[in-house]
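# Analysis of the macromolecular model
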Amino acid sequence: MFKINNVANTAFKAKLLDRQINSNEVITIDDWLDGAIQPTFIRQQEKFKEITMVVLIEGTNEEDAYKMFSKLTRELSFGELKFDDMSLTFKVMINGAVSPKRLKPNVFEVSYKLKSSYGMAQEQTVSRSAGAAATFTINNAGTAETPCIIEITPTQSISSLTLEGFTDKPITVKNIVSGQKVVINGETNSIFINGQNGFKNFDGWSFPSLIPGANSLKVSSALGYSMVIKYKARYI
């Protein structure tokens, strides 16, 4: 069966009859210049995937069935969807109008077409203690680039700490004070130091993420702090 926003399908008197989870739409940007013997690949971009769900709703009467349909539709309009037989979670939105099919009194069959970004695995955590090697590797098992969260807990003040491999260009955090936790959040594009906005101490063009496969990473110093890196692998 399934849960939407952590509410089980049984709360809506609904049963899952069928589902179809498509891959994300992949748009290829390329060009084939006049006279060239082959096209030029520029880049690719991923768009939403479509999930189709067919559910059966059986109420105690017509009004009850309609109310259950309405409540389920409200939850599916924007939320997190998880199927009982899968570990992945899908952030979904309803795409278009929803028209229930009345099979008999009190019983509706409903087909939902949902937009979703990615299938997301459970959060993974990589911990690095003070004095660990300056270079290390994180293997992202997903099939899409995923944002990550870097938490730095300093045990001494650090004038400058540079992180490489999380973005195209290095990230630097300046004037780190002992005991003031630094959180660089690639999911929300934010940086907080001791719970306060830390953009004035941040030097970088983008926020941290991990590409599919092996990510070769480097820190400018491995002393004076511990680090935790959190991420959720994404699947197209």
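The structure under discussion appears in the preceding block.
Let me begin by describing the structure that accompanies this report. Please read all numbers here as calculations on a predicted model, not as lab measurements. Starting afresh in each chain, residues are numbered from 1 along the sequence in its written order. Confidence filtering applies because this is a predicted model: local features only for residues at pLDDT of at least 70, side-chain atom pairs given and counted only at 80 or more, and all residues used for totals across whole chains, interfaces and linings. With hydrogens and water stripped out, all remaining heavy atoms of the structure feed into the side-chain values.

## Brief notes about the pairing of strand β17 (residues 190-193)
The sheet contact formed by strand β16 (residues 182-185) and β17 spans four bridges and is antiparallel. Each bridged residue has a counterpart across the sheet, and for Val183 the counterpart in β17 is Phe192. If you look at the hairpin formed by β16 and β17, you'll find four residues sitting between the two strands, and Asn189 has a positive phi there, around 55°. Note on pairing: DSSP must find at least two bridges between two strands before they are called paired. Helix and strand definitions here come from DSSP, where helices need a minimum of 4 consecutive H or I residues and strands a minimum of 2 consecutive E residues; each element is numbered from the N-terminal end. Pairing analysis gives two bridges linking β17 to strand β18 (residues 196-197), with the strands arranged antiparallel. Paired with Ile193 across the two strands is Gln196, which belongs to β18. In textbook terms, the turn of a hairpin is the stretch between consecutive antiparallel strands, and for β17 and β18 this stretch comprises two residues, one of which, Asn194, has a positive phi near 55°.

## Observations concerning the environment of Leu81
Its place among the elements puts Leu81 in strand β7 (residues 78-83). Among the residues examined, Leu81 registers a relative accessible area of 0% and is labelled buried. Spatially, the C-alpha atom of Leu81 lies 9.8 Å from that of Met93, the residues being 12 residues apart in sequence. With residues near it in sequence (within four places) discarded, Leu81 still touches Phe2, Lys3, Ile4, Met53, Leu76, Leu88, Thr89, Phe90, Val92 and Leu114. Relative accessibility decides the category of a residue: with a 1.4 Å probe and only protein chains considered, values under 20% of the type maximum give buried, values over 50% give exposed, and everything between is partly exposed. In what follows, residue pairs with any heavy atoms lying within 4.5 Å of each other are defined as contacts.

## Some thoughts on unusual backbone geometry
Even without a glycine there, the phi angle at Asn106 is positive, about 75°. Checked against the element boundaries, Asn106 lands in the loop between β9 (101-104) and β10 (107-120). Not every positive phi belongs to a glycine, and Asn189 is a case in point at roughly 55°. On the secondary structure map, Asn189 appears in the loop between β16 and β17.

## Examining the pattern of salt bridges
Think of a salt bridge as a Lys or Arg side-chain nitrogen and an Asp or Glu carboxyl oxygen that are within 4 Å of each other. The full count for this structure, using the stated rule, is six salt bridges. A salt bridge links Glu62 to Arg102, with the nearest nitrogen and oxygen atoms 3.0 Å apart. Placement of the pair is Glu62 in helix α1 (residues 62-76) and Arg102 in strand β9, with a sequence separation of 40 residues. Owing to a relative accessible area of 48%, Arg102 belongs among the partly exposed residues under this scheme. Residues Lys181 and Glu151 are paired through a salt bridge, measuring 3.3 Å at the closest nitrogen-oxygen approach. With Lys181 in the loop between β15 (171-176) and β16 and Glu151 in strand β13 (residues 146-154), the pair connects residues that are 30 residues apart, well separated along the chain.

## Comments concerning the nonpolar core
Nine residue types can take part in a nonpolar core, namely buried Ala, Val, Leu, Ile, Met, Phe, Trp, Tyr and Cys, and a core is a set of them joined through side-chain atoms within 4.5 Å. One finds Phe2, Met53, Val55, Leu72, Leu81 and Tyr112 to be the most contacted residues of the largest nonpolar core, which totals 26 residues. Taken together, the elements giving at least two residues each to this core come down to β1 (2-4), β3 (14-21), β6 (49-58), α1, β7, β8 (89-94) and β10. Residue contributions to this core peak at five residues, all from α1. If near-sequence neighbours (up to four positions away) are discounted, Val55 is found in contact with Phe2, Lys15, Leu16, Leu17, Leu72, Phe108, Glu109, Val110 and Tyr112. In this structure, Ile138, Ile184, Leu210 and Val219 belong to the second largest nonpolar core, which totals 25 residues.

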